[in-house]
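Now for the letters of each chain:
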Amino acid sequence: FFFSSRRRHTRLQGDWSSDVCSSDLSHHERDHALHMLEQICANFAWESDEAAAAAAVASHIKRFWTPLMRQTVCAAVASGEASPSPLATRVVALIG
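Description of the structure in this document. Chains are numbered independently. Their residues run from 1 in the order of the written sequence. Totals for whole chains, interfaces and linings use all residues, but because this is a predicted model, local features are given only for residues with pLDDT of at least 70 and pairs of side-chain atoms are given and counted only at 80 or more. Only heavy atoms go into the side-chain values, all of them from the structure, while hydrogens and water stay out.

Moving on, we get to the overall build of the chain. Numbering of helices and strands starts at the N terminus; helices are DSSP runs of H or I of at least 4 residues and strands are runs of E of at least 2. The secondary structure content of the chain amounts to four helices and two strands. Traced from its N-terminal end to its C-terminal end, the chain shows the element sequence β-β-α-α-α-α. Look at the contacts in the chain between residues 6 or more apart in sequence, and 59% of them connect residues 24 or more apart. Only the protein chains shown count as cover for residues, and the accessible areas themselves come from Shrake-Rupley with a 1.4 Å probe. Counting every atom, the chain has about 7,000 Å² of accessible surface; 57% of that belongs to carbon and sulfur. Only heavy atoms enter the contact rule, under which two residues are in contact if any of them lie within 4.5 Å.

As a further point, take the side chain of Arg-70. Of note, Arg-70 is situated in helix α3 (residues 67-79). With a 1.4 Å probe rolled over the protein chains alone, any residue whose accessible area is under 20% of its type maximum counts as buried; one over 50% counts as exposed, and the rest are partly exposed. His is not counted here, nor are the chain ends, while Lys and Arg score as positive and Asp and Glu score as negative. Each reported salt bridge corresponds to a side-chain nitrogen of Lys or Arg within 4 Å of a carboxyl oxygen of Asp or Glu. Buried within the structure, Arg-70 lacks any salt-bridge partner; Glu-29 is the closest side chain of opposite charge, at an N-O distance of 15 Å. When sequence neighbours within four positions are dropped, the list of residues in contact with Arg-70 reads Ile-61, Lys-62, Trp-65 and Ile-95.

This paragraph deals with helix α2 (residues 50-64). To estimate how far a helix should extend, the number of its residues minus one is multiplied by 1.5 Å. Helix length check: α2, at 15 residues, gives a terminal C-alpha distance of 21 Å against a target of 21 Å (1.5 Å per residue), a fit within 8%. All buried positions along α2 are accounted for by Ala-53, Ala-54, Val-57, Ala-58 and Ile-61. When α2 is viewed along its axis, its buried side chains cluster within an angular range of 130° and face the same direction. Note: the arc covers the axis-to-C-beta directions of the helix.

Examined against the element boundaries, Val-73 turns out to sit in helix α3. With 42 residues separating them in the primary sequence, Val-73 and Asp-31 have C-alpha atoms 8.5 Å apart. Residues within four places of Val-73 in sequence aside, it is in contact with Ala-33, Leu-34, Leu-37, Trp-65 and Val-92.

This next bit is on the nonpolar core. Core analysis: the largest hydrophobic core is formed by 21 residues, its most contacted members being Leu-37, Cys-41, Val-57, Ile-61, Trp-65, Val-73 and Val-91. The residues touching Ile-61, leaving out its near neighbours within four places in the chain, are Leu-37, Ile-40, Arg-70, Val-91 and Ile-95. Here the nonpolar core consists of buried residues drawn from Ala, Val, Leu, Ile, Met, Phe, Trp, Tyr and Cys, with membership extended through side-chain atoms lying within 4.5 Å.

Right, let's talk about helix α4 (residues 86-95) for a bit. Residues of α4 that are buried: Leu-87, Ala-88, Val-91, Val-92 and Ile-95. All buried residues of α4 project into a common sector of 140° when viewed along the axis, lining one side. Opposite the buried face of α4, by more than 90 degrees, sit the exposed residues Pro-86 and Ala-93.

Take a look at the structure:
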């Protein structure tokens, strides 16, 4: 018996792509980055001043996140694909 492959062959020999398209992966990565942003914001929520909290989160993200992660989050918020918390929205404005 032949078992069906979850991959499909494209026109170029040796060029295989899975049934999970790259856009699905980028949506997963985007959602993960947005979730991490919200978690970081929650950790800095103890700041009494929202501007200080936003600055602290933005500083953390600029130091530890890759440019691609920052761009992904900023693009998701700018396009309306994501609706983060007010603190996270403020952070995105600072890192964008």
